[in-house]
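Spelled out, the chains give:
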Amino acid sequence: MKEQRLTIAVPKGRIMGEAIEIWRKAGLPVPKDIEDTRKLILTTEDGAMEWILAKPMDVPTYVEYGVADLGIAGKDVLMETGREVYELLDLKISQCRLSVAGLPRVEPKGIMPRIASKYPRVAERYFREQGKQVEVIELHGSVELGPIVGLVDRIVDIVSTGQTLKENGLVEYETIADISTRLIANQVSYRMKQAAIKEIIERLKEVI
Ligand code: PRP
């Protein structure tokens, strides 16, 4: 593994904790102090791997351009960004779903219902495939506010426990996709650094 140094793009935030846990369980090295540093690039003590800490939505970008050989990304992020990367493994962590939700018993109004989402491309594609014309409004978080304040008719958002919907008086209408976290690779790295990447896949497979 030493000859083939690998760089991995890891999403900062909620997924990172679970990713570190599965990495450690698999006996793979994790950079020291990763949980309490503001540094964005960290190296494992054996020097074999470099970790780039990125915003979740940016992970596939670093991987597509080859700045990172590997990446950890939610299926939601892969669907939204549409980046050209290989999806190697379902890590089965951060499992949730991407759904259409809204106020209960309220039908979308007008000829162009409004949809709020952090995933505008996924939302647009979904309704287009359903043959429905909608206006998608991009929001960057707390999307559940949308229908409550009257900005939109529906939202397309992540539902995990369902608590956020429930506490805000919203209901889930349709599931668009089941989501979980994936290990992804740059297409060239996957060929050039196959041995090192395969070793990581094998180790992870044992603990998934
Ligand atoms: C996510 C998602 C929902 C919530 C779902 O938001 O967008 O709002 O979690 O989880 P639940 O079903 O368990 O309640 P996040 O906390 O990432 O914040 P954000 O709204 O700012 O994106």
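Sequence positions are assigned chain by chain, starting from 1 and proceeding in written order. With the structure being a predicted model, the display of local features is reserved for residues of pLDDT at least 70 and the display and counting of side-chain atom pairs for 80 or more, all residues being used for whole-chain, interface and lining totals. As a rule here, side-chain values cover all heavy atoms of the structure and leave hydrogens and water aside.

Per an unreviewed UniProt entry, the chain carries the name ATP phosphoribosyltransferase and comes from Tepidibacillus fermentans. The UniProt entry for the chain carries the following text under Subcellular location (unreviewed entry): "Cytoplasm". UniProt positions are given in the numbering used here, feature names are shortened, and annotations may be inferred rather than shown by experiment. Of the chain, the UniProt comment under Pathway (unreviewed entry) reads exactly: "Amino-acid biosynthesis; L-histidine biosynthesis; L-histidine from 5-phospho-alpha-D-ribose 1-diphosphate: step 1/9."

Quick word on the overall build of the chain
Looking only at helices and strands, one finds 8 helices and 11 strands in the chain. Dimensions along the principal axes, computed over C-alpha positions, put the chain at roughly 60 × 30 × 30 Å. For every residue, the accessible area obtained with a 1.4 Å probe (protein chains only) is divided by the maximum for its type, and the residue is called buried under 20%, exposed over 50%, and partly exposed between those limits. Per-residue burial for the chain yields a buried fraction of 45% across its 208 residues. Throughout, the Shrake-Rupley method with a 1.4 Å probe supplies accessible areas, and for residues the shown protein chains are the sole cover considered. Element-wise, carbon and sulfur atoms account for 48% of the exposed surface of the chain, whose accessible area totals about 11200 Å². Comment: elements are numbered from the N terminus, with helices defined as DSSP H or I runs of at least four residues and strands as E runs of at least two.

Thoughts on helix α1 (residues 14–25)
Listed as buried for α1 are Ile 15, Met 16, Ala 19, Ile 20, Ile 22 and Trp 23. Any two residues whose heavy atoms approach within 4.5 Å at even a single point are treated as in contact. Where α1 is buried, its residues touch β1 (6–11), β3 (49–54), β4 (70–74), β11 (181–185) and α8 (194–207). The first or second residue beyond α1 is Gly 27, which carries a positive phi of 75°.

Structural notes on the UniProt feature "domain: ATP phosphoribosyltransferase catalytic" (unreviewed entry) in the chain
Mapped onto the present numbering, the UniProt feature "domain: ATP phosphoribosyltransferase catalytic" (unreviewed entry) falls at residues 55–205. Secondary structure within residues 55–205 divides into 33% helix and 30% strand; the distance between the first and last C-alpha atoms comes to 25 Å.

Details of unusual backbone geometry
The backbone of Asp 33 shows a phi angle near 60°, a positive value even though the residue is not glycine. Mapped onto the secondary structure, Asp 33 falls in the loop between α1 and β2 (41–43). Here Ser 142, not a glycine, exhibits a phi torsion of approximately 45°, which is positive. Mapped onto the secondary structure, Ser 142 falls in the loop between β8 (135–138) and α5 (145–148). Of the residues examined, Ser 142 reaches a relative accessible area of 53% and is grouped as exposed.

Some details on the site of the ligand
Of all residues adjacent to the ligand, which total 13 residues, the nearest are Arg 14, Lys 118, Glu 144, Thr 161 and Thr 164. Here a polar contact is taken to be a pair of N or O atoms separated by no more than 3.5 Å, where protein atoms must pair a possible hydrogen donor with a possible acceptor and residues adjacent in sequence count only if both atoms sit in side chains. At a separation of 2.6 Å, an oxygen atom of the ligand approaches a polar side-chain atom of Glu 144. Between the ligand and Asp 157 there is a distance of 2.8 Å, counted from an oxygen atom to a side-chain nitrogen or oxygen. Across the complex, the protein chains shield 72% of the 500 Å² of accessible surface that the ligand would expose by itself. Looking at the shell around the ligand, the elements that each hand over two or more residues are β9 (154–159) and α6 (163–167). Tallying contributions element by element places β9 first for the shell around the ligand, with 3 residues. Think of it this way: one heavy atom of a residue within 4 Å of a molecule or strand is enough to make that residue near it.

As for the domain arrangement of the chain
Each domain's limits were defined by an automated method or a database of domain assignments. The assigned domain composition of the chain is domain 1 (6–94 + 180–207) and domain 2 (96–179). Distance between the C-alpha centres of domain 1 and domain 2: 29 Å. Domain 1 puts 9 residues into the contact, and the matching count from domain 2 is 11 residues. Buried area is a sum: the accessible area each of two parts loses on coming together, probed at 1.4 Å, counted once for each and added. Interface of domain 1 and domain 2: buried area, both sides summed, is about 860 Å²; carbon and sulfur atoms make up 54% of it. Per-residue buried area on domain 1 facing domain 2 is highest for Asp 76, Met 79 and Glu 80; these three make up 67% of the total on that side.

Brief notes about the side chain of Asn 186
Structurally, Asn 186 is set in the loop between β11 and α7 (187–192). One polar contact links the side chain of Asn 186 to the main-chain amide nitrogen of Val 188, over a distance of 2.9 Å. With sequence-adjacent residues up to four places away left out, Asn 186 is seen in contact with Val 63, Glu 64, Tyr 65, Gly 66, Ala 68, Asp 69 and Tyr 86.

So, the sheet that holds β1
In spatial order, the strands read β2-β3-β1-β4-β11-β5; together these 6 strands make up an open sheet with mixed pairing. Edge strands, defined here as strands with exactly one partner in the open sheet, are β2 and β5 (86–90). Pairs of neighbouring strands in the sheet enclose a mean axial angle of 25°, with direction left out of account. In this sheet, β11 lies alongside β5 in antiparallel orientation, the contact comprising 4 bridges. Any two strands with at least two DSSP bridges between them are considered paired. To get an axis, fit a line to the C-alpha atoms, keeping to the stretch in contact for a helix; angles then go from 0 to 180 degrees between the N-to-C directions.

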